[in-house]
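Notes for the structure review
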Amino acid sequence: MTEKTVLNATHRALGARMVDFGGWDMPINYGSQIEEHHAVRRDAGMFDVSHMTVIDLHGARTREFLRHLLANSVDKLKVHGKALYSCMLNEQGGVIDDLIVYYLGEEFFRLVVNAATRAKDLAWIGQQAQAFDVQGSTSVAGGRKPGATDVQGSTSVAGGRKPGATGVEVKERPDFAMIAVQGPNARGKVIGLLHEVDQSRIEKLGKFSAAAAQGPHGMPLFVARTGYTGEDGFEIIVPAEHAVALWEALQAAGVAPAGLGARDTLRLEAGMNLYGQDMDESVSPWEANLGWTIALDDGRHFIGRAALEAQQAAGVKRVMVGVVLDGKGVLRHGQTVLTANGAGEILSGSFAPTLNKAVAFARIPAGEPGEIRVDIRGRELPLRRVKYPFVRDGKPCAGI
Amino acid sequence: MSDIPGDLKFLKSHEWARVEDDGLVRVGISDHAQSQLGDLVYVELPEVGASVRAGTGVAVVESVKAASDIYSPVSGEIVEVNEALNDKPEIINEDAYEEGWIFLVRPSDRDELDELLDANAYEDLVESEDH
């Protein structure tokens, strides 16, 4: 059974080509993926990302719980509305998911996690919250419906558990839709639609911060200056019943609808990992170039820390690098990469519309790789290793 | 779908074949195929002079999304390729049935043409795939 966002009929009316994406019926493009990509790099585009999962955490011990749950440190979050990117690891140091956590109050944090990992994330967070509750307080965790398997639209899976007196409540928010508006002109176009009392405040909103604002017809919005394209812009969480009106208002303001195809090439050019392609539970953050998201702060015992420290002490065996194919052809996930130290593979790889050539992330054995080559249909083609991002703020980065 | 040229014949794998006045067979992919693939970014053309067999991979088209083998509808020898696709693969997206042709074959067995779908049968195939 394929799930649909509240904007499904809107996409179809726009002539979108729809595909199954992690169990969701989503627009891959509205005609030309490349034109949508350029619209975001040069002006403003919008993506329906309502398939992503919003999880609210409430309770007196929420910050303490997140110190335990996440590999990055929520103690970096000191100002209301501030956001943090983090991995959520298993005990072996493998990545269960990557996510953004927003600090909305000392007893209220919001997580946005991936769509395809929704069920396992909710189960893991619920299980960890329960264990945390039992460990940390004498109250019995209540409110959880054991064995509930109905996931769609329900908050009664792991997500529905109520905290003990001092615990953490985990609550999924299927009542929200989410629209990402991205590009050099994206913020201006969104701000023009806000209630005038909110405009200057949202204008001043810093990067990786969020705030509430009133949208068209007074609809309540959660506006975050975050994104997955390498451009400035907002990700807007909106009550599902207002999502179509918001989409239409954005379109009237000149924001181009863009599909998940363009979203993928934009984020690859921007050097951002995709869960499931660049890392998963068999890959540690060290091997996915996510070391910058690991906070080994004193005395914080987060899940996976012991494994990460052991890997670091023993030496990480595989590394993730950026590569460019200067010749003709397209790099794709799963292609074999050859180095002086043995074989590796292409992770995320694609034609990059801003660069007009193919770029990719590759995971290869650690150490000086010598000349890197890729096997495309039996032919070995030379790759050039580069530092990424490949593109930032509309322009190719130096050396790409 | 009603704008499929009536003089074309098709493979089920969405290649078209057009018999030219000089008896050579021009080959491309259908408008349906290009729209499924999305924006094309690279075409790997065969060598002129290469011999090809019907139903085997001869060229590759790559879109942003995927790579796809192009099969020859007939056996024979490649006599010309559409060099314009090296610089502008998107010609296939813009004009799949004319300017977006991929290669030209001198057929060795014209009976193979009888095994291809006609435009109506191909249209039915596409419609059944869409539902």
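This section reports on the structure supplied with the text.

Definitions and cut-offs
- Residues numbered from 1 in each chain as written.
- Chains lettered and ligands numbered in written order.
- Predicted model: local features only at pLDDT ≥ 70, side-chain atom pairs only at ≥ 80, totals over all residues.
- Helix = DSSP H or I, 4+ residues; strand = E, 2+ residues; numbered from the N terminus.
- Buried ≥ 20, exposed ≤ 12 C-beta atoms within 10 Å, placed from the backbone.
- Contact = placed C-beta atoms within 7 Å.
- Nonpolar A, V, L, I, M, F, W, Y, C, P; charged D, E, K, R; others polar.
- Expected span 1.5 Å × (residues − 1).
- Core = buried A, V, L, I, M, F, W, Y, C linked by C-beta atoms within 7 Å.

**What to know about the overall build of chain A**
Broken down by element type, chain A carries 9 helices and 21 strands. In terms of its C-alpha atoms, chain A occupies a principal-axis envelope of roughly 60 × 55 × 40 Å. Looking at chain A as a whole, 46% of its 400 residues qualify as buried. Considering only contacts within chain A whose residues lie at least 6 apart along the sequence, 66% involve residues at least 24 apart.

**Re the interface of chain B and chain A**
At the junction of the two partners, chain B supplies 8 residues and chain A supplies 12 residues. Per-class residue counts for the side of chain B that touches chain A are 4 nonpolar, 1 polar and 3 charged.

**A few points about helix α4 (residues 119-130) of chain B**
When the terminal C-alpha atoms of α4 of chain B are compared, their 17 Å separation across 12 residues agrees well with the 16 Å that a helix rising 1.5 Å per residue should span. With 1 of 12 residues buried, α4 of chain B lies mostly on the surface of the structure.

**Observations regarding the nonpolar core**
If you look at soluble globular proteins, the nonpolar side chains tend to sit buried side by side. Residue and element names in this part refer to chain A. In terms of nonpolar packing, the biggest core is built from 138 residues, with Ile179, Val181 and Ile236 touching the most fellow members. Of the residues forming this core, the biggest block, 7 residues, is contributed by strand β6 (residues 95-105). Not counting residues up to four positions away in its chain, the partners in contact with isoleucine 179 are Met46, Asp48, Val49, Ile236, Val238, Ala243, Leu246 and Trp247.

**A few points about the environment of valine 244 of chain A**
All names here are of chain A. Within the secondary structure layout, valine 244 lies in helix α7 (residues 243-252). Owing to 15 C-beta atoms within 10 Å, valine 244 belongs among the partly exposed residues under this scheme. For the pair valine 244 and valine 54, spaced 190 residues apart in sequence, the C-alpha to C-alpha distance is 19 Å. Those residues in contact with valine 244 that lie beyond four places of it in its chain are Val6, Leu7 and Thr10.

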